[in-house]
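Working through the structure, step by step
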Amino acid sequence: MIWAPGEPQIIGDRLMASGSWQEMAGATVINTYLQGPTLAGGQPDKAGPWVDLVRRVYPAEAEHLFDCFAQRVQRPQDKINHAIILGGQQGIGKDSILEPVKEAVGHWNWADISPSHAMGRFNGFLKSIVLRISEARDLGDHDRFAFYDRAKTWMAAPPDVHTIDEKNLREYPAQNVTFVIITTNRQDALHLEPDDRRHFVAWSDLSKEDFSAEYWTNYYRWLDQDGGKAHVAAFLRQRNLAKFDAKAPPPKTPAFWSILQAGQSPETLELSDVLENMGWPDVVCTQAISA
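Residues numbered from 1 in each chain as written. Predicted model: local features only at pLDDT ≥ 70, side-chain atom pairs only at ≥ 80, totals over all residues. Heavy atoms only, no water.

**Regarding the pairing of strand E2 (residues 20-30)**
Bridge count between strand E1 (residues 10-17) and E2: seven bridges; the pairing is antiparallel. In the sheet register, Ile 11 faces E2, and the bridge partner there is Val 29. (Pairing = 2+ DSSP bridges. Helix = DSSP H or I, 4+ residues; strand = E, 2+ residues; numbered from the N terminus.)

This is how it looks when you write it as structure tokens:
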């Protein structure tokens, strides 16, 4: 058994061994991956309410978000080698942005977990096209550094294959194609490193007061009753990805540096300022720093 987007349901004469396909005459592998839905009737030019919401909440990062979401719909078998952090206050629409994307890839190809669940033994959630880790401050008995170390292997390949461990089931392989989306309300909830190549950070300065109750009523009526989910799916299916490189490290946004600074001690920040003023020398003595 395997979970492998892009492969047929019954895979003949091949076997997954040591993280790669091996030719083996007579072997049969059952692929448990299910294709995403078609959502017929959608029209890309009618996805405006969703497109406008993404651009309103994350104006500077919207185009990169569109590309990532579209890649998940068009090329689920190809890994995006970074995760996305969607940050901002409660009530600004982070989950509302993701709702039609979930339908576009298929809710059966989407996994939702908490940070504390991410730290547990069982990892069936890695059989997903999109993995949403919600509210990245609920870490249970673990800290943000342990969470960073645990999650980084999910955000990029290699590894090309994960070993899935589910309760009361024999272990089996799944291709590493999941795209991790982390939502959070606090910049000090996550750990990042200066040379990080695995996180794209989108942050919003909006508050829930910037949206009326009527806005959300109309938005969800459009999604659920007026074909909005199908329109978003059509928009993502037709988006041109010719310039999108799924393997390239993501740009470092201003919010990336804000999270990085929020997680550092005052002493570290003061030392960074001193070294920056010195031009980041390769070697420095303590006397020069203290001076």
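On we go.
**Here we look at the pattern of salt bridges**
On inspection of all chains with the given rule, the structure shows twelve salt bridges. Between Arg 132 and Asp 112 there is a salt bridge; the shortest N-O distance is 2.4 Å. Here the residue Arg 132 occupies a position in strand E5 (residues 130-133), and Asp 112 occupies one in strand E4 (residues 110-113), the gap between them amounting to 20 residues. For Asp 112, a relative accessible area of 38% puts it in the partly exposed group. Put simply, Asp 149 and Lys 152 hold a salt bridge, and the shortest N to O gap is 3.5 Å. Residue Asp 149 and its partner Lys 152 are located together in helix H5 (residues 144-155), separated by three residues, close to a single helical turn. For Asp 149, a relative accessible area of 43% corresponds to the partly exposed category. One salt-bridge network, held together by shared partners, links Arg 55, Glu 63, Asp 67 and Arg 239. (Salt bridge = Lys/Arg side-chain N within 4 Å of Asp/Glu carboxyl O. Buried < 20%, exposed > 50% of the residue type's maximum accessible area, 1.4 Å probe, protein only.)

**A word on empty space enclosed by the protein**
Considering all chains together, one arrives at one cavity of 30 Å³ or more under this definition. Of the volumes computed, that of the largest cavity is approximately 50 Å³. Counting residues per element, the lining of the largest cavity draws most heavily on H5, which supplies four residues. For the lining of the largest cavity, the residue count by class is eight nonpolar, two polar and no charged. (1 Å grid on protein atoms, 1.4 Å probe; cavity = no way out; pocket = protein on both sides within 12 Å on 5 of 7 lines; lining within 4 Å. Points joined across faces, edges and corners; volume = space filled by probe spheres on them. Nonpolar A, V, L, I, M, F, W, Y, C, P; charged D, E, K, R; others polar.)

**What to know about the packing of helix H1 (residues 48-57) against helix H6 (residues 213-225)**
Two elements in contact, H1 and H6, have axes separated by 10 Å at closest approach and are oriented at 135°. Here H1 is positioned oblique relative to H6, judged by the angle of their axes. In this structure, H1 uses Pro 49, Trp 50, Leu 53 and Arg 56 to contact H6, whose residues at the interface are Tyr 215, Trp 216, Tyr 219 and Trp 222. (Axes fitted to C-alpha atoms, helices over the stretch in contact; angles between N-to-C directions. Parallel < 35°, antiparallel > 145°, perpendicular 65-115°, else oblique. Contact = heavy atoms within 4.5 Å.)

**As for H5**
Its twelve residues give H5 an end-to-end C-alpha distance of 16 Å, which sits within 8% of 16 Å, the value for a rise of 1.5 Å per residue. Residues Arg 144, Phe 147, Tyr 148, Ala 151, Trp 154 and Met 155 constitute the buried set of H5. Buried positions in H5, seen along its axis, are confined to an arc of 115° and lie on one side of it. For H5, the secondary structure elements touched by its buried residues are strand E3 (83-87), helix H4 (115-118), E5, strand E6 (161-164), strand E8 (179-184) and strand E9 (199-203). (Expected span 1.5 Å × (residues − 1). Arc of directions from axis to C-beta.)

**Observations regarding the packing of aromatic side chains**
Applying the stated criterion across every chain yields a total of 13 aromatic pairs. Centroid distance Phe 125 to Trp 154: 5.2 Å. Interplanar angle 70°. Geometry classified as edge-to-face. In this pair, Phe 125 sits in the loop between H4 and E5 while Trp 154 sits in helix H5, placing the two residues 29 residues apart along the sequence. The residues Phe 125 and Trp 154 share a single accessibility class, namely buried. Here the aromatic rings of Trp 216 and Tyr 219 are separated by 6.0 Å at their centres, their planes lie at 90°, and the arrangement is edge-to-face. One end of the pair, Trp 216, and the other, Tyr 219, are both in helix H6, three residues apart, so they sit about a helical turn from each other. According to the relative accessible area criterion, Tyr 219 is buried, its value standing at 3%. Geometry around Trp 21 places Arg 14 over its ring, the cationic atom sitting 4.5 Å from the centre. (Phe/Tyr/Trp six-rings, centres within 6.5 Å; stacked < 30°, edge-to-face > 60°. Lys NZ or Arg CZ within 6 Å of the ring centre and 35° of its normal.)

**Comments concerning unusual backbone geometry**
Cis peptide bonds are those with omega within 30 degrees of zero, and the linkage from Ala 157 to Pro 158 qualifies with 5°. In this chain, Pro 158 is followed by Pro 159 through a cis amide linkage whose omega measures 10°. As for its placement among the helices and strands, Pro 159 is situated in the loop between H5 and E6. Positive phi values are uncommon outside glycine, yet Asp 13 reaches one of about 65°. Note that Asp 13 resides in strand E1. Look at Leu 39: it is not a glycine, yet its phi comes out positive at around 50°. Inspection of the secondary structure assignment puts Leu 39 in the loop between E2 and H1.

**A word on the environment of Leu 260**
You can see Leu 260 is positioned in helix H8 (residues 254-262). In this structure, the C-alpha to C-alpha distance between Leu 260 and Ser 18, residues 242 residues apart in sequence, is 36 Å. What Leu 260 contacts, discounting residues up to four positions off in sequence, is Leu 192, Glu 193 and Pro 194.

Interpretation in functional terms is not warranted from these geometric data alone.
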